[in-house]
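Understanding the architecture of this molecule
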Protein chains: 2
Amino acid sequence: MRAEIVCVGSELLLGDIVDTHTQYLARRLSSIGIDLHHSTAVGDNLARVVDCLRHATGRSDLVLTTGGLGPTDDDLTREAIAELFGETPTVDPVLADGLRTFFELRKVPMTTNNLKQAWLIPSAHAITNDRGTAPGWWVTKLGKTIIAMPGPPGEMHHMWEHEIEPRLATGEAVIRSRTLKLFNISESRVDELLKPLTPAANPTTAIYAKQDGIQVRITAKAPNDAAAMSAIAVTEKETRRILGDVVWGVDDDTLDSVAVSLLNARVATVAIGESVTAGLLTSMLAGNDRSAACFRGGLVVPDSEGVEQRAPDLARLALKRFPADIGIGVSGHLVPGSNPEMDEFEIAILWPRRGIETVVTQRARHFRRRAMGAYHALDELRKLLSLE
Amino acid sequence: MRAEIVCVGSELLLGDIVDTHTQYLARRLSSIGIDLHHSTAVGDNLARVVDCLRHATGRSDLVLTTGGLGPTDDDLTREAIAELFGETPTVDPVLADGLRTFFELRKVPMTTNNLKQAWLIPSAHAITNDRGTAPGWWVTKLGKTIIAMPGPPGEMHHMWEHEIEPRLATGEAVIRSRTLKLFNISESRVDELLKPLTPAANPTTAIYAKQDGIQVRITAKAPNDAAAMSAIAVTEKETRRILGDVVWGVDDDTLDSVAVSLLNARVATVAIGESVTAGLLTSMLAGNDRSAACFRGGLVVPDSEGVEQRAPDLARLALKRFPADIGIGVSGHLVPGSNPEMDEFEIAILWPRRGIETVVTQRARHFRRRAMGAYHALDELRKLLSLE
């Protein structure tokens, strides 16, 4: 089944709010194996909403609308569906009684415009709304289904989970995915390396560029969870074989959570000395909820271009100031005589008891040097600890 | 002029990410008086993207696309625009040279698929991308304009603000806004205080809750910039009179940029000692681009619940380690015998030469203690420096 979303509400197109309905519904739909092909935001304008619904029902089997079910004149979703299907809304006595009770219970006078929320058209069934005054509409006509839901997230989510998803869930197929996270490799290089995998229709492999590196998303459609996950496992194994140790995590892993896990697993403690990264590295590592066991302290010195303080010096400084096994230092400077937009930075990892003293240099664009310096330091730490 | 947005990327329809482009562009468009009528998300599927662009150009004069400009096979926006207008992409030698330089600077091999990013069609002009490898496309044909921008927000925003908005701004009716930023006051309290202002139709006053406090957005529509700004000035003056010193900044101000400005204006230097905030305060202050003149160093110690290290001790520790005028200390602990979700933290600001030693305690929910501790410290510093 092919679904699409139509979010009704001028506030979306004035920039007053961010649309979170699409992400919510996208996840719920994929969990029951329904493909989502489009999501459109349209303002509170009858002609435009009708046009969107006509286009949507033309190309999709299932159209989910959010918003426009309120009592006011600019709530037009009901009118638009009625016009699209050439039907006339009438007040449903049962819904009208329900509304009256709702207002009596809250000792609030019910205004006449609230009666709009008791409207139905012949092809529409009302969907119970336990969280508000606007019932949804479930409309089926000419082989197409339009499900109209209220805009407030609390009402919409509750209605979706209790009234709609259970009836839509066919149990035919589920869609599951797993994301591999990579660092220090370009998107195009990953694309090239994974060429043999990407044409596959199921599981599919998609590549995304994120601030903390490249992500490879493996998505499988299968009759059930177990089948989907084992299909993903096969592709993941092959992907890891091709990419090697640039893969640092999966799904919700972050570079700091991976580093902290490795430190705790090896019962190793760490102290940080940083200049160019301006405290970002310390805040990422010390800010991790499980870092109490491994973080011993951080020293942040000004990134003064004049004084050259090298990464190993900063690492030693940190080890001298704080009682830790491992000292990490990060320093940076503009690359002499090169593009002023490029920075070179140095990462040192000292582990005296193991006789380890690693120093690597990396580059990043000037405006990203803080984040990239911290990411590179965490990645170097990960690689080193993975070997130990 | 009637505009609409087409966001290209399957990740939007799989629920991987929330679309923030629409809100960003909606606000920018309204600020130059261009009406936004629709925003559509579509997956990485050539036929579907072409269909969306055809429908969009059919009903709107200006179509803004985001995403699908990467180097990989599932980046299809260029292909879709070319197909829509029946033109054939060719590699532009100038763009290709630019790409090669970009990769040489990073010492990264340029792969052949990157050449896609040097494509142009006869109707397209390239739009410079100072933040990445994908130039945008500015395509005008048959009275319609399509502007294709990259998906990563950092690249898209920079391109919009520097290359696109300046050329689109027509100078008819303009909509301008100014945002006042507040801290340490609740949204409902602000709403209550500003009741007398909010009914006004022009300028309008809207209240938003953000992570770093409450924002009051004043928006005026007028024939020109000067008229809009002076209408805003009147409302701003009244708003500031009502709210007093909880107002810490406007528009793009951040708590750290405001603190750094005040420090630099007073030629005062600062050193930080923090535990509960885990380096976040140092990274915010030292991470500011203008902090070279005022930041002398930061010391981050573990937030060990056992050892009680008070904020004044941490401030002294920082002043002892680094040569600064002002020492800031932040420590924290669970409130004894209170809701385990609530944390109490202590902020100390020592300025020996002025004989200043301020210590305040604040509370925040446990999961927000790091951010709130840093915000409160910066806000206390702001208030103190504003008085000096």
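Residues numbered from 1 in each chain as written. Chains lettered and ligands numbered in written order. Predicted model: local features only at pLDDT ≥ 70, side-chain atom pairs only at ≥ 80, totals over all residues. Heavy atoms only, no water.

1. Comments concerning helix α4 (residues 77-84) of chain A
Residue and element names in this part refer to chain A. Most of α4 is tucked away, with seven of its eight residues classed as buried. Those residues of α4 lying buried are Thr-77, Arg-78, Glu-79, Ala-80, Ile-81, Ala-82 and Leu-84. Buried residues along α4 sit in contact with β1 (2-8), α3 (46-59), β3 (62-66), β5 (119-120), β7 (136-141) and β8 (144-149). After α4 finishes, the residue Gly-86 shows a positive phi value of roughly 60°. (Buried < 20%, exposed > 50% of the residue type's maximum accessible area, 1.4 Å probe, protein only. Helix = DSSP H or I, 4+ residues; strand = E, 2+ residues; numbered from the N terminus. Contact = heavy atoms within 4.5 Å.)

2. Some words on the sheet that holds strand β10 (residues 204-210) of chain B
Strands pair in a sheet through their backbones, by hydrogen bonds, and they do so in one of two ways: parallel or antiparallel. Residue and element names in this part refer to chain B. Across the sheet, four strands lie side by side as β10-β11-β9-β12; this open sheet has antiparallel pairing. Strand pairing shows two members of the sheet lacking a second neighbour, β10 and β12 (247-250), which therefore form its edges. Here the average twist between neighbouring strands, direction ignored, is 25°. Of the pairings in the sheet, the one linking strand β9 (residues 174-182) to β12 comprises three bridges and is antiparallel in character. For Leu-182, the partnering residue across the bridge sits in β12 and is Val-247. On top of the sheet, helix α7 (residues 187-194) reaches β9, β10 and β11 (213-222); it is set at about 165° to β10, its chief contact. (Pairing = 2+ DSSP bridges. Axes fitted to C-alpha atoms, helices over the stretch in contact; angles between N-to-C directions.)

3. Details of the packing of aromatic side chains
All told, the structure shown has four aromatic pairs over all chains when counted by the stated rule. Note on Phe-102 of chain A and Phe-103 of chain A: the rings are 5.7 Å apart at their centroids and 75° apart in plane angle, and the pair reads as edge-to-face. Looking at Phe-102 of chain A, the relative accessible area reads 21%, which means it is partly exposed. Judged by its relative accessible area of 10%, Phe-103 of chain A falls in the buried class. Residues Phe-183 of chain A and Tyr-375 of chain A carry aromatic rings whose centres are separated by 6.2 Å and whose planes lie at 70° to one another, so their mutual orientation is edge-to-face. With Phe-183 of chain A in the loop between β9 (174-182) and α7 (187-193) and Tyr-375 of chain A in helix α12 (residues 369-387), the pair connects residues that are 192 residues apart, well separated along the chain. Phe-183 of chain A gets classed as buried once you look at its relative accessible area, which sits at 3%. Looking at Tyr-375 of chain A, the relative accessible area reads 11%, which means it is buried. Over the ring of Tyr-208 of chain A we find Lys-210 of chain A; its NZ or CZ atom is 5.8 Å from the centre of that ring. A cation over a ring is seen here: Arg-131 of chain B above Phe-367 of chain A, with NZ or CZ 4.1 Å from the ring centre. (Phe/Tyr/Trp six-rings, centres within 6.5 Å; stacked < 30°, edge-to-face > 60°. Lys NZ or Arg CZ within 6 Å of the ring centre and 35° of its normal.)

4. Brief notes about the sheet that holds β9 of chain A
Residues and elements named next belong to chain A. Strand order in the open sheet formed by four strands is β10-β11-β9-β12, with antiparallel pairing between adjacent strands. Edge positions in the sheet fall to β10 (204-210) and β12 (247-250), since each has one partner strand and no second. Adjacent strand axes in the sheet meet at a mean angle of 25°, parallel and antiparallel pairs treated alike. Relative to strand β11 (residues 213-222), β9 runs antiparallel, the two being bridged by nine bridges.

5. Quick look at α12 of chain A
With 19 residues, α12 of chain A ought to run about 27 Å at 1.5 Å a step, and its terminal C-alpha atoms sit 27 Å apart, in line with that. Buried residues dominate α12 of chain A, accounting for 15 of its 19 residues. (Expected span 1.5 Å × (residues − 1).)

6. What to know about the domain arrangement of chain A
Residue and element names in this part refer to chain A. You can read the domains of chain A as domain 1 (2-168), domain 2 (175-250) and domain 3 (255-387). Using only C-alpha atoms to locate each centre, domain 2 and domain 3 end up separated by 29 Å. Taken together, the contact pairs eight residues of domain 2 with 11 residues of domain 3. Summing the contributions of domain 2 and of domain 3, the shared interface buries around 890 Å²; its carbon and sulfur component is 55%. In terms of surface lost to domain 3, no three residues of domain 2 exceed Phe-183, Gln-211 and Trp-248, which account for 67% of the buried area on that side. On inspection of domain 2 and its partner domain 3, the count reaches zero salt bridges. Between domain 2 and domain 3 we count three residue pairs in polar contact (both at pLDDT 80 or more) in total. Class assignment for the residues of the side of domain 2 that touches domain 3 results in four nonpolar, two polar and two charged. (Domains from an automatic or database assignment. Buried area = accessible area lost by both parts, 1.4 Å probe. Salt bridge = Lys/Arg side-chain N within 4 Å of Asp/Glu carboxyl O. Polar contact = N/O pair within 3.5 Å; in protein donor to acceptor, adjacent residues only side chain to side chain. Nonpolar A, V, L, I, M, F, W, Y, C, P; charged D, E, K, R; others polar.)

7. Looking at the interface of chain A and chain B
Each partner contributes to the interface: chain A provides 62 residues, whereas chain B provides 65 residues. Where chain A packs against chain B, one counts six salt bridges. For Asp-51 of chain B, the salt bridge identified is with Arg-59 of chain A, shortest N-O distance 3.1 Å. Where chain A packs against chain B, one counts 25 residue pairs in polar contact (both at pLDDT 80 or more). No other element matches strand β2 (residues 35-42) of chain A, which puts seven residues into the side of chain A that touches chain B. Each residue belonging to the side of chain A that touches chain B can be placed in one class, and the counts come to 25 nonpolar, 18 polar and 19 charged. Of the strand pairs in this sheet, β2 of chain A and strand β2 (residues 35-42) of chain B are connected by five bridges, and their pairing is antiparallel. Bridged to Ser-39 of chain A within β2 of chain B is Ala-41 of chain B.

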